[in-house]
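Here's the letter readout for the chains.
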Amino acid sequence: MALNLRQKQTECIIRMLNLNQPVNAITGMANEEMYKILIYDKSSQDILSPLIHVKDLRKHGVTLFFLIDKARKPIPDVPAVYFVRPTSDNVKRIVSDASVPLYDVFHLNFASSVPRALLEDLASGLIRSEGVSRVSKVHDQYLDFVTLEDNLFSLAYKNCYLEMNDPSNGDKEIEEIIGKIVDGLFCVLATLGVVPVIRCPRGGAAEMVAVGLDQKIRDHLLSKNNLFSEGGNHTMSFQKPVLCLFDRNFELAVGLQHDFRYRPLVHDLLGLRLNRVSVQGEKGGTKSFELDGGDPFWMANGGLEFPEVAVEIENQLSKYKKDVDDVNRRTGGANEVEFDGAELIGNTKRLMNAVNSLPELTERKQMIDKHTNIATVLLGEIKERSIDSYSKKEYDMMIRGSIDRNELMSVLNGKGTKDDKLRFAIMYLIALENTPQ
C-alpha cells in the first residue's frame, strides 16, 4: 500500500485554503476563485512552511497572511481563513477579531480536534461579542504534525524525551505527554485515512502510546460518519499498514552518534530545520537554502559520506561546464561563412535546442552553487570540531565495544564543543553497556 503523507497533507491544506470546497483534480484549484487572508499561529506556520510557498498561497487566492498574535488592521469585505491550534489564547483572539470585526467572514480551521470546553468558550464568546454571524464554519483539520518528506514526519514536540524521563514528573504529567503524542499520531492516521495494525514492545512509553492510540481509533470508529470511512478510504481493506512504536531508548545511540553522511551533517552542524538551512556567505550576511524533495542532488546524495559528496559536486560541475561548452559550440559560428538552405535550417534547429536548454542549465548551476556553499561551510565546521575523528572513533566503539582509555582522553581533551564531548562520552558508556561480558 503506497502512502504519501506529504501529498495527502498538502491536499488537505489546499482544500482548506479554498474554504474547504472541493478542488478541481485537473487545475488543483476550487471552481470558484476568491481572494482571502490567511491567519495562523507559530505551530501552524511550521506545518505550512515545508509544504506551501508564497507562490502557492497566491495561486489559491491568499493575498495577505499574518500571525494571529500580531496587531492587525481591519480589512473589510474580505474573508479570512484561520489555521491555528486549539488553545485558550487563540480562541480569545478569534473572539476579539470577530467582535471588531477585522474581516467580513471567518473560516475557522483548527489543527487538531477542539476540546468541548474550548468550543463552548468560543461559542459563548462569539455570542457575547455579537460576532457569531460572521463565522462561516468551524473545522477540525487533523493536521497537527510537520511533514518533511513524502514519508517522514515529526510531531514537533520539543523536549519530549526529556519530559518523559524526568523523574520529577508524576503520573498526571506523563499522561498529558502521552495524550499529546496520541493526538499527533491520530492526526497522521486521519490524514492518510488508514487504520493500522499497531505493534510495540511491552512495557514503557511505547505501549502506553499504543494503548491510547488504539482506544482513540476504536472510539472514533463508533461514529457512522468518521474520518476513516469518508471518501472510500482503506478502513475495511485487508491491506492495512503496520504502525511500529518503539521507545527512544530502544536505539539511543542513533540520536547521539556523530554521523559523517551529508544529510545528518547538515542537520547536526548547520541546524537544518523545516527543510531550510542558513549558512554564512562569503561576503558576510546569511544565505538561506531549501533542501527537500525538489532538490535532486539532495535526494540522490544525502546518504553519502561527506568526501563522496564533495567528489559528486565536482563531477556535477565538470558535467555542467561541458554542457555549457557544448551549447556555446552549437550556437557559435565562424565569421563570413555562407550557409546553404539545409545548413541554415540545421543551424536554426541547433540554436533553438540550445536556447531551450538554458533554463535547465541555469537551474543546475544554482543547485551546484547551493551545495558548494553548504559543503564549504560544512568543511570548516568539520575541521574546527574534528567531526571526522569523532565519527570514526564512535563507529569503532560500537563495533569493538570500547576503545583504549588514553584514546578516549585524547578525544575529550582535543577539539570539539562541550556537546560533542558529552555525546562522545555517552556513546562510550553505551558501547560498554552493550559489550557482551
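It should be noted that the structure appears before, not after, this text.
Predicted model only: the values in this text are computed from it and were never measured. (Residues numbered from 1 in each chain as written. Predicted model: local features only at pLDDT ≥ 70, side-chain atom pairs only at ≥ 80, totals over all residues. Heavy atoms only, no water.)

A. Highlighting the overall build of the chain. Looking only at helices and strands, the chain features 16 helices and eleven strands. Looking at the 437 residues of the chain, the share that counts as buried comes to 38%. Within the structure as shown, the chain displays about 25,600 Å² of accessible surface, and the carbon and sulfur contribution to it stands at 53%. (Helix = DSSP H or I, 4+ residues; strand = E, 2+ residues; numbered from the N terminus. Buried < 20%, exposed > 50% of the residue type's maximum accessible area, 1.4 Å probe, protein only. Areas by Shrake-Rupley, 256 points an atom, 1.4 Å probe, with all protein chains shown as cover.)

B. The arrangement of the side chain of Ser 391 in detail. When you line up the elements, Ser 391 lands in helix H14 (residues 387–400). Judged by relative accessible area, Ser 391 falls into the buried class, the value being 12%. Residues within four places of Ser 391 in sequence aside, it is in contact with His 258, Asp 259 and Phe 260. (Contact = heavy atoms within 4.5 Å.)

C. Seen up close, the nonpolar core. By size, the foremost hydrophobic cluster in this structure holds 28 residues, and its most contacted members are Phe 186, Ile 198, Val 209, Leu 213, Ile 217 and Leu 245. Among the elements that take part in this core, helix H7 (residues 171–192) stands out by supplying twelve residues, more than any other. Sequence-distant contacts of Ile 198, that is, excluding residues within four places in its chain, are made with Ala 210, Leu 213, Asp 214, Ile 217, Leu 243 and Leu 245. Membership of the second largest hydrophobic core comes to 22 residues, among which are Tyr 262, Phe 297, Phe 306 and Ala 375. (Core = buried A, V, L, I, M, F, W, Y, C linked by side-chain atoms within 4.5 Å.)

D. Examining the pairing of strand S4 (residues 105–110) more closely. Of all the six residues making up S4, five are buried; the element is thus mostly covered by neighbouring parts of the structure. In this sheet, S4 lies alongside strand S3 (residues 79–84) in parallel orientation, the contact comprising six bridges. Bridge pairing in S4 places Pro 79 opposite Val 105. Where the polypeptide runs from S3 across helix H4 (residues 88–99) and back to S4, its parallel neighbour, the crossover connection is right-handed. Across five bridges, the pairing between S4 and strand S5 (residues 135–140) is parallel. (Pairing = 2+ DSSP bridges. Right-handed = clockwise from strand over helix to strand, strands pointing away.)

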